[in-house]
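# A look at the structure
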Amino acid sequence: MTPDLKVTLAGVEFSNPIMTASGCCGYGEELADVFPLEKLGALVTKSITREPRLGHPPPRTAETPAGMLNAIGLANVGVKRFLAEKIPWLETQKTKIIVNVAGSSLDEYVEICAMLADCERADMIELNISCPNVSEGGIQFGTNPAMTEKVIAEVKKVFSRPLVAKLTPNVTDIVEMAKAAEQGGADVLSLINSMVGTSIDIETWQTRLTNNKGGLTGPAIKPIALALVDAVHSNCRLPIIGIGGIATAADVIEFLLVGASAVQVGTALFVEPDAPVKILNDLTSYLKRKQLARVTDLVGQVRKY
Amino acid sequence: MTPDLKVTLAGVEFSNPIMTASGCCGYGEELADVFPLEKLGALVTKSITREPRLGHPPPRTAETPAGMLNAIGLANVGVKRFLAEKIPWLETQKTKIIVNVAGSSLDEYVEICAMLADCERADMIELNISCPNVSEGGIQFGTNPAMTEKVIAEVKKVFSRPLVAKLTPNVTDIVEMAKAAEQGGADVLSLINSMVGTSIDIETWQTRLTNNKGGLTGPAIKPIALALVDAVHSNCRLPIIGIGGIATAADVIEFLLVGASAVQVGTALFVEPDAPVKILNDLTSYLKRKQLARVTDLVGQVRKY
Amino acid sequence: MKKLATTTVSVTARRDLRNDYYSLTFGPYPRVTKCRPGQFVHIRLPETDILFRRAMSIASVDTDRREIEIIFKVVGRGTTVLSRYRKGDQVDLLGPLGNTFSLPKKSERALLLGGGVGYPPLLYMATHMVRSGFDPKSIEFFYGGRSDRDILDRTRIKKLGVNFHPVTEDGSFGQKGLITHAVESFIQGQKKDRMRIFACGPEPMLKAVDDLGLREGINGELSLEAPMPCGIGVCLGCVVPLKQGGHARVCADGPVFAIGEVIL
Amino acid sequence: MKKLATTTVSVTARRDLRNDYYSLTFGPYPRVTKCRPGQFVHIRLPETDILFRRAMSIASVDTDRREIEIIFKVVGRGTTVLSRYRKGDQVDLLGPLGNTFSLPKKSERALLLGGGVGYPPLLYMATHMVRSGFDPKSIEFFYGGRSDRDILDRTRIKKLGVNFHPVTEDGSFGQKGLITHAVESFIQGQKKDRMRIFACGPEPMLKAVDDLGLREGINGELSLEAPMPCGIGVCLGCVVPLKQGGHARVCADGPVFAIGEVIL
Ligand SMILES: Cc1cc2nc3c(=O)[nH]c(=O)nc-3n(C[C@H](O)[C@H](O)[C@H](O)COP(=O)(O)OP(=O)(O)OC[C@H]3O[C@@H](n4cnc5c(N)ncnc54)[C@H](O)[C@@H]3O)c2cc1C
Ligand SMILES: Cc1cc2nc3c(=O)[nH]c(=O)nc-3n(C[C@H](O)[C@H](O)[C@H](O)COP(=O)(O)OP(=O)(O)OC[C@H]3O[C@@H](n4cnc5c(N)ncnc54)[C@H](O)[C@@H]3O)c2cc1C
Ligand SMILES: Cc1cc2nc3c(=O)[nH]c(=O)nc-3n(C[C@H](O)[C@H](O)[C@H](O)COP(=O)(O)O)c2cc1C
Ligand SMILES: Cc1cc2nc3c(=O)[nH]c(=O)nc-3n(C[C@H](O)[C@H](O)[C@H](O)COP(=O)(O)O)c2cc1C
Ligand code: FES
Ligand code: FES
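Residues numbered from 1 in each chain as written. Chains lettered and ligands numbered in written order. Predicted model: local features only at pLDDT ≥ 70, side-chain atom pairs only at ≥ 80, totals over all residues. Heavy atoms only, no water.

### Remarks on the site of ligand 1
- Neighbouring ligand 1 are 24 residues; C:R54, C:A55, C:G78, C:T79 and C:M228 lie closest to it.
- Nearby residues around ligand 1 are contributed by chains B and C.
- Here an oxygen atom of ligand 1 and a side-chain polar atom of C:T79 are 2.4 Å apart.
- Against a free-state accessible area of 930 Å², the protein chains account for coverage of 83% of ligand 1.
- For the shell around ligand 1, the secondary-structure elements that each account for two or more residues are β4 (54-57), β6 (67-73) and α1 (77-83) of chain C.
- Here the residues of the shell around ligand 1 are counted per class, giving 13 nonpolar, four polar and seven charged.
- Inspection of the shell around ligand 1 shows a minimum of three residues originating in each of domain 1 (6-97) and domain 2 (109-258) of chain C. (Near = heavy atom within 4 Å. Polar contact = N/O pair within 3.5 Å; in protein donor to acceptor, adjacent residues only side chain to side chain. Areas by Shrake-Rupley, 256 points an atom, 1.4 Å probe, with all protein chains shown as cover. Helix = DSSP H or I, 4+ residues; strand = E, 2+ residues; numbered from the N terminus. Nonpolar A, V, L, I, M, F, W, Y, C, P; charged D, E, K, R; others polar. Domains from an automatic or database assignment.)

Structure (structure tokens):
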């Protein structure tokens, strides 16, 4: 008997809990050369802003112990070209599409989401209120509960399908942010975005990123992400998409056990572009071995001392 | 010409900037079997509390990608036995001693520090206001600027030698905490303590630590620590002791470049107990190669884009 | 010589044993003369994605050739990496670490109990006793495993001249059953005050041995395992609770504890 | 066959070249027929403490034996790990990736410029041209390095029948000076519109070649390097600024760019 991998978040059914994380899968075209995107529960697009953005000048990535730093700076084609050029191709793909939206002002978030409202293939919007790589204000939303609540509430007025609030780990109390997001009307929470970090070249004494600092991601941050998902799950009723350092089915299972209903794979795609396929196979074997009928049987089942 | 490795923090001269971090070198006895402690700039003791503490039951460590989790739970002999049994041995060692103090109440901090005031070999006290592994309140001090300021101001009344405030990374704005510590009268800042994290055994579904969560340390967190030291150095005038994932001289140099005046080596001691000696040798070679007369020539010299 | 040090040694021999067990011999190891049965070395796995060293009991020493041997089973990431080491590869050892089994009186009967991967330190103990002039026939060497494939080094053990008692759960080699049952029936009707137990193996086995020793009034020692970040006593990660209260560090206060001493 | 895939292959040959250069040949590689000069493979270093794959230009292909070769110099952690691979070891390749050098017209004179570790893709280019029926004498193969020890594979290059122009900074082998100077003096008084440049090497060299091409009106292509987290175009980490504005991804839009196209 094949275990049931389907998960439902805010009324939307996903064929399985494995999604690709924003900024780690472009708009899907390249990954589609590696595996059929219908294998994915969902694809989350690179953050879309109102205007096209080049991002920061290179170098904008650096390798770190079991992780990486990036300060891409929200390079993207802008919402107009996204709708004109990227969505038509995405419409041909048999997977759910979550469009990640970033802005540097309340207006910008609302305007972009309004433009996506008519785009049926935007199954959900994920609000990136937590990107550490833009100075104009992106991260402020995610570190301030009132602003978190406000931006979500305003976006909900213009976008009727489910809204995912993507939380930053760079806060004293993530539960406070989760509750603010819930208060604002978020349907789902996703966490975590990257941790602020930096790296210095000891030969040149220069920072390794033109932005001087960047976002730390990859296996290194997995324990942090797990603790934060656990904290939010224990204190908030919204469904959670777990993100942070996921590379294997074992990682996915850890996130499900602490309360994530689905997960996103980010940095691991750079190392193994077909990681989602391997993860799905191994997750299925695990469920069979543990004689579990549904992947949802794992959610929140962690045993604490 | 041998480069000058001496550093002076708050008027105290250290023979070099390499210290061993609290909780990673016990009270020094074991490490003294590996190398003469006079090689160290300073030894920072395991956190001392008023009463002896057993700490949490095992398991209380777990391995993670390029890091580890610990929830030792401040196991220590208590201040009385520390003074009676540990200090006499430490007095025979030719290195500076920084006594790390932890408490679960303002009173406890003050009482311990008062007891240490007469102990001349406590060259400095490092206040652990940031331990994530005790539920009684330890971490609250470090995440609340008013309490941070208060506990430091009260301790300063009873302990006249320099005071180091050890900051937690688990906050939205570490600069705010640094300024509160400065306001309270701290002479030196040390950062970072561990990041909150967890890990789950996917076979048993049980958390890997009896405390259910623990502190993430080791190379994995180095980029985070560097960014935080950089932020504090750019916004606060107190000298900084950099901590987090340091294993090699290259790591030390990165910390000095972003503004640390000295560093502490923690988790790396578990892998290479003589890491400080190797670091010193490699640091000296580096200074020679770069034709720098003093290790202090590196402090804060990072070049930003 | 420093009391504690890391030493770079080379793999001088490698044996691929049955059922995913391997033996590696390292040398030249100048600290070989400091090694005693029950002690372990902490092995670095550099340039891998594994942070911590892995503890391995010393299985034998050759003071003339300045070599030490470890025997391990591949059960996880660390042992997989170890199993790839070939003759000539370099390895970094921290050790010898921990306390030691105490030698029994010559008049005593030594019951050596090795269960599965707990066998190596008892091989060392038996060899050391024989070399130290103990009558091999005063040594009862119990070796337990799931089945035939788990009982290593049979000729080697027999060569020592000890009384060899292999035990397998499925009875495919030696006595059938659990090692503790085999020991229990062996001691029936024997003088218990002249016996001493030395045991290493999985936790349930050690618990059963501890119970047996206490119940039957047989003194002895158990060698414990615990995850060991540092191995030298500074991290306090490897503790076990003691019956008298408090914790002991398995790495520095152990790994050998008296029967009745720890809470298993 | 999927457009993009990771493939597990074995090291089928290993050559330890001079001055810390190594050549590794991998096979059987079913995707060998898809490889073209200028492309690269992204090599995983599993179970090491190195997260990212490392990009390596394809240096030669053997479609009969289904093998590809890479040539690299040990300069850091990634290449140190690579240099330890021995015949029989397994390796995981993502590729072939990137665009390709475009073949010149048969009437054109091809100037191939390989500087240091930039040599491998030009070896492939030269071999491919000769195999595709280009007159070897229409190929000017410039190969620059610090000194004698940096010029690899001399017999192999000569065997191709191309015009070989080794250049070393210290003059210890071939012409003395910088590769770009050697090219400059070579083209003096020659018809520039019938020439095409193909270059790979360190950034200062590429910049000089770009300037030269623009100044002298010689068309051609440069193969760039950049740190490449993904290699397939999804991370946007490897971009270079374009003269026309905007960024190009070195991995997916390159690594080969026309002279005058990118800001170096
Ligand atoms: C004193 C002592 C002697 C031993 N002697 C032997 C022996 O002779 N033969 C033998 O086969 N085995 C021996 N072991 C067990 C051995 O050290 C390995 O831990 C065990 O084989 C696990 O295998 P692995 O490393 O491949 O597993 P892994 O899957 O890599 O690790 C198993 C789990 O333990 C954790 N872990 C492993 N090592 C540590 C550490 N140092 N600190 C914290 N957590 C850790 C890992 O994170 C993982 O969760 C001994 C252990 C001790 C303590
Ligand atoms: C298209 C292409 C083709 C190449 N072909 C060759 C070749 O044929 N022969 C050859 O010798 N070299 C080649 N290189 C360079 C090679 O990929 C290595 O990056 C280089 O040799 C550095 O060596 P290392 O990995 O040992 O250095 P390291 O010290 O391990 O890395 C050097 C620095 O670059 C960073 N870095 C390395 N790889 C990445 C990555 N994938 N993503 C982000 N950061 C990274 C590291 O973090 C480090 O800071 C090529 C590079 C590219 C992009
Ligand atoms: C190169 C890169 C670019 C990213 N870009 C975005 C982005 O545009 N928007 C966003 O919300 N998150 C972005 N992220 C964060 C990821 O979506 C994810 O939250 C983070 O990487 C943690 O997951 P991981 O450890 O699996 O990579 C980016 C991450 C990386 C590595
Ligand atoms: C096992 C362990 C125990 C620790 N105990 C203490 C402690 O008692 N008091 C304290 O202030 N910090 C303690 N720390 C934190 C370290 O002092 C240091 O801040 C942290 O480990 C980061 O440095 P590292 O990455 O070099 O280990 C402990 C860390 C570890 C790993
Ligand atoms: S392993 Fe660190 S105290 Fe025992
Ligand atoms: S390496 Fe990721 S886009 Fe080029």
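### Focus: the interface of chain D and chain C
- On the chain C side, the residues contacting the four residues of chain D number four residues.
- Regarding the contact of chain D and chain C, the summed buried area is about 460 Å², with carbon and sulfur atoms giving 31% of it.
- Contact with chain C buries surface across chain D, with D:E47, D:D49 and D:R84 losing the most and accounting together for 82% of the total.
- At the surface where chain D touches chain C, the tally comes to two salt bridges.
- Its salt-bridge partner being C:R84, residue D:E47 comes within 2.5 Å of it at the nearest N-O pair.
- On the surface where chain D and chain C come into contact, there are four residue pairs in polar contact (both at pLDDT 80 or more).
- Within the side of chain D that touches chain C, the residues separate by chemical class into no nonpolar, one polar and three charged. (Contact = heavy atoms within 4.5 Å. Buried area = accessible area lost by both parts, 1.4 Å probe. Salt bridge = Lys/Arg side-chain N within 4 Å of Asp/Glu carboxyl O.)

### A look at unusual backbone geometry
- With an omega dihedral of 0 degrees, the bond running from A:P58 to A:P59 counts as a cis peptide bond.
- Turning to its location among the elements, A:P59 is positioned in the loop between β4 (42-44) and β5 (61-64).
- Along the chain, D:G95 connects to D:P96 via a cis peptide bond; the corresponding omega equals -5 degrees.
- Summarising the element assignment, D:P96 is placed in strand β7 (residues 90-97).
- Positive phi values are uncommon outside glycine, yet C:E47 reaches one of about 65 degrees.
- The exposure class of C:E47 is partly exposed, given its relative accessible area of 39%.
- The phi dihedral of C:D153 falls on the positive side, at around 55 degrees, and the residue is not glycine.
- Considering the arrangement of structural elements, one finds C:D153 in the loop between β9 (139-145) and α3 (154-159). (Buried < 20%, exposed > 50% of the residue type's maximum accessible area, 1.4 Å probe, protein only.)

### Focus: the relation of the copies chain B and chain A
- Superposition record for chain B on chain A: RMSD 0.0 Å, screw rotation 180 degrees, translation along axis 0.0 Å. Such a turn and shift between the copies fits a two-fold axis.
- When the interface residues of chain B are mapped onto chain A, 100% of them again fall at the interface, so both copies present the same face. (Least-squares fit on C-alpha atoms with pLDDT ≥ 70 in both.)

### Some thoughts on the pairing of strand β1 (residues 6-16) of chain C
All names here are of chain C.
- Pairing of β1 with strand β7 (residues 90-97) involves five bridges; the strand directions are antiparallel. Its bridge partner being in β7, T7 is matched across the sheet by L93.
- In this sheet, strand β2 (residues 21-27) lies alongside β1 in antiparallel orientation, the contact comprising six bridges. Paired with V11 across the strands is F26, a residue of β2. (Pairing = 2+ DSSP bridges.)

### Looking at the relation of the copies chain D and chain C
- The transformation that overlays chain D on chain C combines an axial shift of 0.0 Å with a rotation of 180 degrees, and the residual RMSD is 0.0 Å.
- The residues that chain D uses at the interface reappear at the interface of chain C in 100% of cases, marking a shared surface.

### Things to note about the nonpolar core
- Residues A:L127 and B:L127 are the most contacted members of the largest nonpolar core, which totals 290 residues.
- If sequence neighbours within four positions are ignored, B:L127 has contacts with B:V101, B:Y109, B:C113, B:V151, B:I152, B:V155, B:L163, B:V164, B:A165 and B:K166. (Core = buried A, V, L, I, M, F, W, Y, C linked by side-chain atoms within 4.5 Å.)

### Quick notes on the interface of chain B and chain A
- With 47 residues of chain B at the contact, the number on the chain A side is 47 residues.
- Summed over both partners, the interface of chain B with chain A buries about 4200 Å², with 64% contributed by carbon and sulfur atoms.
- The interface formed by chain B and chain A includes four salt bridges.
- Taking the shortest distance from any N to any O, the salt bridge between A:E203 and B:K290 comes out at 3.2 Å.
- Here chain B and chain A share 23 residue pairs in polar contact (both at pLDDT 80 or more) between them.
- Sorting the residues of the side of chain B that touches chain A by element identifies β11 (195-197), β13 (206-207), α7 (222-235), α8 (249-257) and α10 (275-289) of chain B as the ones contributing at least two each.
- Partitioned by chemical class, the residues of the side of chain B that touches chain A number 27 nonpolar, 13 polar and seven charged.

### Some details on the site of ligand 2
- Contacts to ligand 2 come from 24 residues, most closely from D:R54, D:A55, D:I71, D:T79 and D:M228.
- Positioned at a junction of chains, ligand 2 has nearby residues supplied by chains A and D.
- In this structure, D:R53 approaches ligand 2 through a main-chain N or O atom, which is 3.0 Å from a nitrogen atom.
- Within the backbone of D:K73, a nitrogen or oxygen atom sits 3.2 Å from an oxygen atom of ligand 2.
- Within the complex, the protein chains bury 83% of what would otherwise be the 920 Å² of accessible surface of ligand 2.
- For the shell around ligand 2, the element with the highest residue contribution is strand β4 (residues 54-57) of chain D, accounting for four residues.

### Digging into the domain arrangement of chain C
All names here are of chain C.
- Split by domain assignment, chain C resolves into domain 1 (6-97) and domain 2 (109-258).
- Here the C-alpha centroids of domain 1 and domain 2 sit 21 Å apart.
- With 24 residues of domain 1 at the interface, the matching set in domain 2 holds 26 residues.
- Summed over both sides, the interface of domain 1 with domain 2 buries roughly 2200 Å², with 61% coming from carbon and sulfur.
- Per-residue buried area on domain 1 facing domain 2 is highest for R18, Y21 and P37; these three make up 27% of the total on that side.
- Counting across the domain 1 and domain 2 interface gives three salt bridges.
- Note that R15 is salt-bridged to D153, the shortest N-O span being 3.0 Å.
- The interface formed by domain 1 and domain 2 includes 11 residue pairs in polar contact (both at pLDDT 80 or more).

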